[in-house]
Each structure stands twice: as structure tokens, then as C-alpha cells.
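# Structural features, examined
The primary structure of each chain is shown beneath.
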Amino acid sequence: MVQAVAILNRDPFDLHHDISVITSSHANVAVRKSALDALESLAGDEQNCTQIQENAELRLVLTFIKNQADEVGETGLGLLIEMLKTKKMIYEEGVFDFVTSVMKKHPSSSTIQEAGCIILGNLHLKNELDAKVATGLILALIKKHSGDNDIKLNGLCALLNICSENPGIAPLLRAGGNLTVLSQSNLR
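Quick summary incoming for the structure in this document. (Residues numbered from 1 in each chain as written. Predicted model: local features only at pLDDT ≥ 70, side-chain atom pairs only at ≥ 80, totals over all residues. Heavy atoms only, no water.)

Right, let's get into the overall build of the chain. On a plain count of helices and strands, the chain comes out with 12 helices and zero strands. The secondary structure elements of the chain, listed N-terminal to C-terminal, are α-α-α-α-α-α-α-α-α-α-α-α. In the chain, which comprises 188 residues, the proportion classed as buried is 46%. Relative to all contacts within the chain whose residues are 6 or more apart in sequence, the contacts with residues 24 or more apart total 71%. Summing over all exposed atoms, the chain offers an accessible surface of approximately 9,100 Å²; the carbon and sulfur share of this is 53%. (Helix = DSSP H or I, 4+ residues; strand = E, 2+ residues; numbered from the N terminus. Buried < 20%, exposed > 50% of the residue type's maximum accessible area, 1.4 Å probe, protein only. Contact = heavy atoms within 4.5 Å. Areas by Shrake-Rupley, 256 points an atom, 1.4 Å probe, with all protein chains shown as cover.)

Between helix α7 (residues 95-105) and helix α9 (residues 128-144), the shortest axis-to-axis distance is 11 Å and the interhelical angle comes to 25°. By the criterion of interaxial angle, the relationship of α7 to α9 is roughly parallel. The crossing of α7 and α9 is left-handed. Across from Phe96, Thr100, Met103 and Lys104 in α7, the residues of α9 making contact are Asp130, Val133, Ala134, Leu137 and Leu141. (Axes fitted to C-alpha atoms, helices over the stretch in contact; angles between N-to-C directions. Parallel < 35°, antiparallel > 145°, perpendicular 65-115°, else oblique. Left-handed = near helix turned anticlockwise from the far one by under 90°.)

A separate point is the nonpolar core. Counting 48 residues, the largest nonpolar core has Leu36, Val99, Ile119 and Leu120 as the members making the most contacts within it. The contact partners of Val99, leaving out residues within four places of it in the chain, are Leu77, Leu80, Gly116, Ile119 and Leu120. (Core = buried A, V, L, I, M, F, W, Y, C linked by side-chain atoms within 4.5 Å.)

Relative to each other, α9 and helix α10 (residues 149-165) sit at 155°, their axes nearing to 10 Å. One element, α9, and the other, α10, form an angle in the roughly antiparallel class. The crossing of α9 and α10 is left-handed. Between α9, through Ala131, Ala134, Thr135, Ile138, Leu139, Leu141 and Ile142, and α10, the contact on the second element is made entirely by Ile151, Lys152, Gly155, Leu156, Ala158, Leu159 and Ile162. Of the residues in the contact of α9 with α10, the class split is 11 nonpolar, two polar and one charged. (Nonpolar A, V, L, I, M, F, W, Y, C, P; charged D, E, K, R; others polar.)

Here the focus is the pattern of salt bridges. Scanning all chains against the criterion turns up one salt bridge. Salt-bridge contacts for Glu128 lead to Lys132; the nearest nitrogen and oxygen are separated by 3.7 Å. Of this pair, Glu128 and Lys132 are both found in helix α9, four residues apart, which corresponds to roughly one turn of the helix. In this structure Glu128 comes out as partly exposed when scored by relative accessible area, which is 37%. The exposure class of Lys132 is partly exposed, given its relative accessible area of 39%. (Salt bridge = Lys/Arg side-chain N within 4 Å of Asp/Glu carboxyl O.)

Structure (C-alpha cells):
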């Protein structure tokens, strides 16, 4: 990672080059993952975050992390969470699909599920179909990880945000015993 950080930090305002390292087919996955780790660190800066989102840079990174989800899924979610901290992350094409696919591929990973809830709850989902998919996924993981307070808290916060923007999904929350699950999600 030190090598990737040195490469990426050579010019903090030229993230296009930095992203090209991540998306390069000439670098092996380990080098690209290290570069992604470094990009995650850089994304905490608002100017860098803005530049990542402009000019389809985020889509290039998402393509890489989606194609290499088994190796870099958790790091990719970390990058998106860093971007959320700057309040710049909005619903972006590909983000929803990436997050839900990584969550579905790693249902037992509490780290990935928690990060996914945080991101889904902050995406401002305007598409009711995406809101229904996210709600179903979050309800299922709250059931599966019933003993994990962090997942329950972040899942419930995500559901609150999603429902406030998509009131039409309320019947999904009332269906199939979901209200029972939610009412039993006492945080201990």
C-alpha cells in the first residue's frame, strides 16, 4: 500500500491519473486494491471527493470494484462511506447496483452489511423499485443478523430514510411479519 499511496499522492489534484492506476488492466488486483485503499483515504477531502464524482471518474472506479467485488468489495464500500462523509454522495448510476450486489454476495459479513446499510440509507433513492429492493435487503439482513446491534441500528436508520423519501413502500414493511421483526429489533 505504501507504493500505491506514494503514486497516488504525487499530485493530489490529479485524481484522474490515480483512478487510471485503479482501473488499469496492466496492474494486478493487489496493486489496484492498494490504490483503491489510498483513494479511500483521499476521498475524505471534499475537493478530492468532488473530483472523483466528476467526469465519470466514479463510474470507472465502480466498474473496477464491481468486477472485482470478491477481492475489493469491502474497500469499495469504505470508499463510498468516505465520500458520504463529505455529503457529496447522491444517487449515482451504478452505486446502488454495486452496493446491493456486494451485500448479496457477502450476506454473512457484518462489516459489509453495516456499510451497505449506511450507504443505502444515504443514497436518496428516488426510484421506488430500488427503494423496494433496498428495503427487502435490509429487512432480510436485520433478521439474519438479529444479534448485531450495529447492523440493526444502521439498518433501521436506512429504513427510516428510505421510507421518508418513498412512502409507497410502507406496505412492504407491514407485510410478512416484518413489523414483528422491526419491533423486536431492540438495541441492547
